[in-house]
Structure formats: structure tokens, C-alpha cells
Amino acid sequence: MSKFSPLNWPVVRQVRSKDAFGRDLSTQSKKSKELHGRTVEADRVVQSVCPYCAVGCSQRVYVKDNKVIQVEGDPDSPISRGRLCPKGSASEQLINSATRLTKIKYRAPYSSEWEYLDTETAMDMIADRFVASRKAHWQDTDEEGRTLNRTMGIAGLGGATLDNEENYLIKKLFTATGAIQVENQARI
């Protein structure tokens, strides 16, 4: 039978094989029979949470040769039941983007050039500045002698890319350090 024979058309194959609803092999072409999903090639599947909002949709991250090849919703998740929004579905592009920064960059004040820092140096810089700002702007009491025990030199802005637990812990940290200016982008 030639490649373009009317006997090879899906509807004819469907009628010939008594597949009334077109759900059997009669509707598959040779090419579609040879296709397989990207997830079949994965070495392992890693459970994750979508990074975009505070809903916390569960994801299955498919990894091959230590590289993410596909991200899908987790059908076992009671939150999303295997569904992801368009942003969550694009998580693989976020991970594998050629423009994604994977090293810490720092630009000193008044400098026009960026430099790379190691993680320990960057964390020490942040901690030192946090402590110095807290100390420089600490208020024990107000002008009437009422106890304040706060700092106005530190403010926190939470984001929707953090889940509720992370935002809760950040709020606890800032409150414990005396910062009272803690906000979330969802309220702005």
C-alpha cells in the first residue's frame, strides 16, 4: 500500500478495525507509534515545590545526567492535584535558562563593575551590615520613656515566591532582631 493511499487514512483504518470512537491503534500513524515522552528518559524524579507563589504546588522534576529535562505537576499533591499554572509549567525554563545567574555578584558602592564573591564572603557581608544597622538605629525607649526595644534601620519585604512557612520564619527572625517594618509584596 502506498504512503498516500486512501486505505491508510485514519478514518478508513478506524472503520476497518471496528474502532467506533477512534481510541485504538487505528488512529495512530507510524510516527506517533515511535514517539515517547521526555520523562521516560529520566534517570530519577525529584519532588519539589513550585517557586513562584505561596500556594505551594508540588512538582515532579525529571533529571537525566544531572540536568533537569522536564517539570510537571505532582498528581499526589493535595494542593494542586497534578496541575500547574503557566508560570509553574515554565519552571524548567527558569532552571535551564542560559541567562540564569549561578554565582554571587557584588557591585561595591560607586563602582561601575560587578565582581564575583564566594558564598561565605557574601553571607559575612550581609550579617555584618545587618548587625551594624541594628546597632546604629536601636531604640530602647521613646521620648516619654516608654520601652520600645526596636530598630528602624532594618526592614523586610517578603515575596510571593516564598511559601507561607518561609515567610513565617523570616517574620520571626525580623521580630526577634527588633525590626518592626516587615511587609509582604502581596499587601503592597
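Residues numbered from 1 in each chain as written. Predicted model: local features only at pLDDT ≥ 70, side-chain atom pairs only at ≥ 80, totals over all residues. Heavy atoms only, no water.

Going by what an unreviewed UniProt entry lists, the protein chain is known as Dehydrogenase and is assigned to Corynebacterium striatum. Recorded in UniProt for the protein chain, the comment headed Sequence similarities (unreviewed entry) runs: "Belongs to the prokaryotic molybdopterin-containing oxidoreductase family." Word for word, the UniProt comment on the protein chain under Cofactor (unreviewed entry) is "[4Fe-4S] cluster". (UniProt positions renumbered as here; feature names shortened; annotations may be inferred.)

(A) Focus on the overall build of the protein chain. On a plain count of helices and strands, the protein chain comes out with six helices and eight strands. The N-to-C order of helical and strand elements in the protein chain reads α-α-β-β-β-α-α-β-β-α-β-β-α-β. Across the protein chain, every contact between residues at least 6 apart in sequence was considered, and the portion connecting residues at least 24 apart equals 32%. Element-wise, carbon and sulfur atoms account for 55% of the exposed surface of the protein chain, whose accessible area totals about 14,600 Å². (Helix = DSSP H or I, 4+ residues; strand = E, 2+ residues; numbered from the N terminus. Contact = heavy atoms within 4.5 Å. Areas by Shrake-Rupley, 256 points an atom, 1.4 Å probe, with all protein chains shown as cover.)

(B) Main features of the sheet that holds strand S3 (residues 67-73). If you walk across this open sheet you meet the three strands as S1-S2-S3, and the pairing is antiparallel. The open sheet has two edge strands with one neighbour each: strand S1 (44-49) and S3. The sheet shows a mean angle of 30° between the axes of neighbouring strands, taken without regard to direction. Examined bridge by bridge, S1 and strand S2 (residues 58-64) share six bridges and lie antiparallel to one another. Its bridge partner being in S2, Val-45 is matched across the sheet by Tyr-62. (Pairing = 2+ DSSP bridges. Axes fitted to C-alpha atoms, helices over the stretch in contact; angles between N-to-C directions.)

(C) Fine view of the pattern of salt bridges. All chains considered together, the criterion is met by five salt bridges. One salt bridge in this structure joins Lys-64 and Glu-41, with 3.9 Å as the shortest N-O distance. One end of the pair, Lys-64, is in strand S2; the other, Glu-41, is in the loop between helix H2 (30-34) and S1, and 23 residues separate them in sequence. You can call Glu-41 partly exposed: its relative accessible area is 38%. The shortest N-O distance in the salt bridge between Arg-146 and Asp-142 comes to 2.8 Å. Of the residues examined, Arg-146 reaches a relative accessible area of 48% and is grouped as partly exposed. Judged by its relative accessible area of 15%, Asp-142 falls in the buried class. Each of Arg-60, Asp-74 and Asp-76 takes part in a single network of salt bridges with overlapping partners. (Salt bridge = Lys/Arg side-chain N within 4 Å of Asp/Glu carboxyl O. Buried < 20%, exposed > 50% of the residue type's maximum accessible area, 1.4 Å probe, protein only.)

(D) Inspection of the layout of surface pockets at higher detail. Roughly 150 Å³ of volume is contained in the second largest pocket. Elements supplying a minimum of two residues to the lining of the second largest pocket: strand S7 (147-158), helix H6 (164-176) and strand S8 (179-184). Top element by residues in the lining of the second largest pocket is H6. It accounts for four residues. Split by residue class, the lining of the second largest pocket holds five nonpolar, four polar and three charged. (1 Å grid on protein atoms, 1.4 Å probe; cavity = no way out; pocket = protein on both sides within 12 Å on 5 of 7 lines; lining within 4 Å. Points joined across faces, edges and corners; volume = space filled by probe spheres on them. Nonpolar A, V, L, I, M, F, W, Y, C, P; charged D, E, K, R; others polar.)

(E) Structural view of unusual backbone geometry. Located in the positive-phi region is Asp-65, a residue other than glycine, with phi close to 55°. The residue Asp-65 is located in the loop between S2 and S3 in this model. Note on Asp-65: relative accessible area 61%, which makes it exposed. Positive phi values are uncommon outside glycine, yet Asn-66 reaches one of about 60°. Tracing the backbone shows Asn-66 in the loop between S2 and S3. The exposure class of Asn-66 is exposed, given its relative accessible area of 67%.

(F) Structural view of the packing of aromatic side chains. Throughout the structure, instances matching the rule amount to one aromatic pair. Ring plane angle 80° and centroid distance 5.9 Å describe the contact between Phe-130 and Phe-174, whose orientation is recorded as edge-to-face. Of this pair, Phe-130 sits in helix H5 (residues 119-136) while Phe-174 sits in helix H6, and the two are 44 residues apart along the sequence. For Phe-130, a relative accessible area of 24% corresponds to the partly exposed category. (Phe/Tyr/Trp six-rings, centres within 6.5 Å; stacked < 30°, edge-to-face > 60°.)

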